[in-house]
Amino acid sequence: MNRRDFLKSALALTALGGAARLAAQTGAPAGTPSAGKNGSQKVTRRQYKKTDLTLPVLGFGMMRLPRSNGKIDTRTAQKMVDMAMAAGANYFDTAWPYHGGESETFVGNALKKYPRDSYLLASKLPVWLVKKPEDAERIFNEQLRKCRTEYFDFYLLHALGAARWKAVEKFRLFEFAQRMRDAGRIRKIGFSFHDSPEQLKIIAGAKPWDFVLLQINYLDWYDYRSREQYEIVTKLGIPVLVMEPLRGGTLAALNPAAVKILKTANPKASPASWGLRYAASLPNVLCVLSGMSLPEHMEDNLRTMSPFHPLTENERMTLNSALAAYRQTDSVPCTVCEYCIPCPAGVEIPRVFAAYNQYKISGDGAAFRKTIAALPEDGGPDACVNCEACLKKCPQKIDIPTRLKRVAAELKKLGPS
C-alpha cells in the first residue's frame, strides 16, 4: 500500500469514531493489562465499536494446526493454545470443515480448562451443507457440542459469494443467526467472503452485520481487490477481521531477493512479521488471524503484536520493494486451504503447488522432482484430466488445470528424478 492509499483508508474511517482511532494506536485500551505475570508484554487489544468488548490484534486461526501422521498433533497444538492464552491472544477461529472436521473438536478440548469468559470463540456455518432450513440448527447444535460451549462469541456464514448468498437468502440463514443471538447462543454475527467487490457490496449492505472476515495482505491488496473490499465495508461501518495475512504462508517464505530487502531494513524482523503488521496497520481492522503450524510461529507472531506498532511510511516503501522482487518468481497464488481436494483424478493439488512454489523460490530442481515423485500414484500434476471440478471450489479463483499443466511442463524440462 502506498502512502496515498494508506491515508485514504485512514481518512475514510473518521466517521467510525473511537473504534477507528483506537485501531490506529499501538497500545491497549484503558483497563487492558499490558504485561503478563512475569513482566512479559501482552498482545495489543482493540475495542469493538464503543463497547467494553476488546479483541486481541492477533487471533489464532485453527485451519493449519500442527499435524502428525495426517492428524492434528494435539500435544503441540495444545502448547500453542496455552501460549496464546498466556499472552492475551485469546481469539480462536475454527470452522466445520477445518482439518477434516476435527478442528472444532480440538478447540473444544483445548479450551475446556479455561473459564468460558476468558476467551473469544468463533466458528462458521457451512452454508453449502444447508439443503433445508432445519439443517442450519442441526449443524449449529453439533458445532456447539464439538466446541464444548453453550455459545459462540463470533459466528460467521462461511465463505460467502454470489452462489452461497442465494442459499443464505433462500433459507434465511442470517435470520437464523439472529434467533440464536436472541437466545444467547451467538454474540456477534458476521460472514467470511470470497468473491468480487461488486458482490461484497450487495451482501454487506443487505443485513446489519456485526463484522466481516476478509482476505487482506500486501500481495492481494490489488491482485485480489482487497483494497476495494476493505473500503466497501469500512464505509458501511462494519469492523474487519483479517484472514490470510500471509497468504497461506507464502509471505512468510519469500524468495531470497525479497527477504534480503526486508532483512536489510530490519535484521531482527521475520518476513511473517511484516505481513502481520501490514494487515493490522489498517485502521478498521480489529483482529488479524494467523494460521500457525508450529510453536515457533506463535512465538514470532506474539513478539510482533506485543505491543503492535503500525508500519511507518518508510516501512511501507520497503514492503513495496520486497513485493516487486517477489513478483519476479512465477509462483502459484495458492493458500493451501485444501478446499479443492479430494480431486476426482487423485491429484494432490495443494502439495503440488506448494512444491512448485518452493522450487521457484529456492531453484532446487532436484528437491522439486523428489517431492513430486513421493506423492501417491496419480497425485502428480500430469494426472489432471481437466475435469474442472476444482475451479468451483477454489476461493482464490486460480485456473488450477492450466497451472497444473505448467507445473507438469516444468517437471518435464527438469528431466527424470
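Procedures and definitions
Residues numbered from 1 in each chain as written. Predicted model: local features only at pLDDT ≥ 70, side-chain atom pairs only at ≥ 80, totals over all residues. Heavy atoms only, no water. Helix = DSSP H or I, 4+ residues; strand = E, 2+ residues; numbered from the N terminus. Rg over C-alpha atoms; globule rule 2.2 N^0.38 Å. Buried < 20%, exposed > 50% of the residue type's maximum accessible area, 1.4 Å probe, protein only. Areas by Shrake-Rupley, 256 points an atom, 1.4 Å probe, with all protein chains shown as cover. Lys, Arg positive; Asp, Glu negative; His and termini not counted. Charge placed at Lys NZ, Arg CZ, Asp CG, Glu CD. Axes fitted to C-alpha atoms, helices over the stretch in contact; angles between N-to-C directions. Parallel < 35°, antiparallel > 145°, perpendicular 65-115°, else oblique. Left-handed = near helix turned anticlockwise from the far one by under 90°. Contact = heavy atoms within 4.5 Å. Nonpolar A, V, L, I, M, F, W, Y, C, P; charged D, E, K, R; others polar. Salt bridge = Lys/Arg side-chain N within 4 Å of Asp/Glu carboxyl O. pLDDT = per-residue confidence, 0-100. Expected span 1.5 Å × (residues − 1). 1 Å grid on protein atoms, 1.4 Å probe; cavity = no way out; pocket = protein on both sides within 12 Å on 5 of 7 lines; lining within 4 Å. Points joined across faces, edges and corners; volume = space filled by probe spheres on them. Polar contact = N/O pair within 3.5 Å; in protein donor to acceptor, adjacent residues only side chain to side chain. Core = buried A, V, L, I, M, F, W, Y, C linked by side-chain atoms within 4.5 Å.

**Student:** Please clarify how the overall build of the protein chain should be interpreted in this entry.
**Tutor:** The secondary structure content of the protein chain amounts to 17 helices and 12 strands. Taken against the 2.2 N^0.38 rule, which gives 22 Å for 417 residues, the C-alpha radius of gyration of the protein chain at 21 Å falls within 12% of a compact globule. If you line up the protein chain on its principal axes, its C-alpha atoms span 60 × 55 × 45 Å. Taken over 417 residues, the protein chain has a buried fraction of 56%. For the protein chain, the accessible surface area stands at approximately 18,400 Å², while carbon and sulfur atoms represent 52% of it. Positive and negative side-chain charges in the protein chain, numbering 59 and 40 respectively, have mean positions lying 3 Å apart.

**Student:** Looking at this model, I keep getting lost on the packing of helix α5 (residues 133-146) against helix α7 (residues 173-182). Mind explaining?
**Tutor:** Geometrically, a packed helix pair is captured by the angle between its two axes and the distance between the axes. Put simply, α5 and α7 touch, their axes get as near as 10 Å, and they point 45° apart. Classified by the angle their axes make, α5 and α7 are oblique. As for how α5 packs across α7, the hand of that crossing is right-handed. Across from A136, E137 and F140 in α5, the residues of α7 making contact are L173, F176 and M180. Among the residues making up the contact of α5 with α7, the classes are represented as 5 nonpolar, no polar and 1 charged.

**Student:** What is the right way to look at the pattern of salt bridges in this model?
**Tutor:** Opposite charge on two side chains makes pairing possible when the charged atoms of those side chains draw close. Across all of its chains, the model carries 23 salt bridges by this definition. Here E137 ties to R185 by a salt bridge, and the two come within 4.0 Å at their closest N and O atoms. Here E137, found in helix α5, pairs with R185, found in the loop between α7 and β9 (186-193); they are 48 residues apart in sequence, far enough to count as distant. Of the residues examined, E137 reaches a relative accessible area of 35% and is grouped as partly exposed. Several salt bridges converge on common partners, so that one network encompasses K132, D135 and R138.

**Student:** Please explain the confidence of the model for the protein chain as it appears in this structure.
**Tutor:** Should the pLDDT be low somewhere, the predicted coordinates at that spot are not to be read in detail. When pLDDT is averaged along the protein chain, the result is 90, and 90% of the positions lie at 70 or above. Across residues 6-39 the pLDDT falls below 50, and counting only partners more than four positions away or on other chains, this stretch makes 56 contacts in the model.

**Student:** Is there a simple way to think about helix α15 (residues 349-362) in this case?
**Tutor:** Between its first and last C-alpha, α15 extends 20 Å over 14 residues, near the 20 Å set by a 1.5 Å rise per residue. For α15, the set of buried residues is I349, P350, V352, F353, A355, Y356, N357, Y359 and I361. Tucked into the core, α15 has its buried residues touching α11 (256-265), α16 (365-373) and α17 (400-414). Trailing α15 by a residue or two, G363 shows a phi angle of about 75°, which is positive.

**Student:** Would you explain empty space enclosed by the protein in this entry?
**Tutor:** Counted by the stated rule, this structure contains 3 cavities of 30 Å³ or more. There is about 80 Å³ of room inside the largest cavity. Lining the largest cavity are 13 residues, and of these C334, C337, C340, C394 and I398 lie nearest its centre. Partitioning the lining of the largest cavity into residue classes produces 10 nonpolar, 2 polar and 1 charged. In this structure, the second largest cavity encloses a volume near 70 Å³. Contributing to the lining of the second largest cavity are C343, A345, I349, C384, V385, N386, C387, E388, A389, C390, P401 and L404.

**Student:** Quick question: what am I supposed to make of the side chain of T44 here?
**Tutor:** Relative to the helices and strands, T44 is located in the loop between α2 (18-23) and β1 (45-47). Taking relative accessible area as the criterion, T44 reaches 2% and is therefore assigned buried. At 2.9 Å, the side chain of T44 and the backbone nitrogen of F308 are in polar contact.

**Student:** What exactly am I supposed to notice about the nonpolar core here?
**Tutor:** Within soluble globular proteins, side chains that are nonpolar tend to cluster in buried spots. With 89 residues, the main nonpolar core has F92 and F191 as its most contacted residues. Counting residues per element, this core draws most heavily on helix α3 (residues 74-87), which supplies 7 residues. The residues contacting F92, other than those within four sequence positions of it, are F60, M62, V81, A84, M85, L111, Y119, L120, L121 and A122. Within the second largest apolar cluster, 23 residues are counted, among which are V347, Y356, I372 and C394.

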